[in-house]
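Tertiary structure, described
Each chain is listed here by its residues.
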Amino acid sequence: MKEGIKNVLVGTVVFVVGFSIILLLTSSDIEAELTYYAAIAYALLYLASVISVCTAVLLKKMTQLKK
């Protein structure tokens with residue numbers, strides 16, 4: 001249970017850091033085309049956070065099976 005919480009926190013940190021970077025980059029007066037790029041970047045960031053959590057869980061389970 002404790003390891004699961006750690007994995008969720010890793011994914012959350014990845015998402016929050018990336019979200020804040022994108023907000024800083026897109027906070028100025030931007031054109032409509034750049035908002036589409038920002039939306040794509042948000043989607044990729046969400047995907048990266050989900051993949052990082054899933055990878056951490058899979059690696060943990062694989063190391064447990066080897067023992």
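A short note on the environment of G11
You can see G11 is positioned in helix α1 (residues 2-26). Sequence-wise, G11 and A56 are 45 residues apart; in three dimensions their C-alpha atoms are separated by 9.4 Å. With near-sequence residues (within four places) excluded, G11 lies in contact with S49, S52 and V53.

Some thoughts on the environment of L23
Here L23 lies in helix α1. In this structure L23 comes out as partly exposed when scored by relative accessible area, which is 39%. Taking C-alpha positions, L23 is 9.6 Å from Y42, a pair spaced 19 residues apart along the chain.

Looking at the packing of aromatic side chains
Inspection of every chain in the model, using the stated rule, returns 1 aromatic pair. Their ring planes at 85° and their centres at 6.2 Å tell us that F15 and Y46 sit as a pair that is edge-to-face. Of this pair, F15 sits in helix α1 while Y46 sits in helix α2 (residues 32-66), and the two are 31 residues apart along the sequence. Note on F15: relative accessible area 30%, which makes it partly exposed.

Conventions and cut-offs
- Residues numbered from 1 in each chain as written.
- Predicted model: local features only at pLDDT ≥ 70, side-chain atom pairs only at ≥ 80, totals over all residues.
- Heavy atoms only, no water.
- Helix = DSSP H or I, 4+ residues; strand = E, 2+ residues; numbered from the N terminus.
- Contact = heavy atoms within 4.5 Å.
- Buried < 20%, exposed > 50% of the residue type's maximum accessible area, 1.4 Å probe, protein only.
- Phe/Tyr/Trp six-rings, centres within 6.5 Å; stacked < 30°, edge-to-face > 60°.

Bear in mind that shape data such as this cannot, by itself, settle questions of function.
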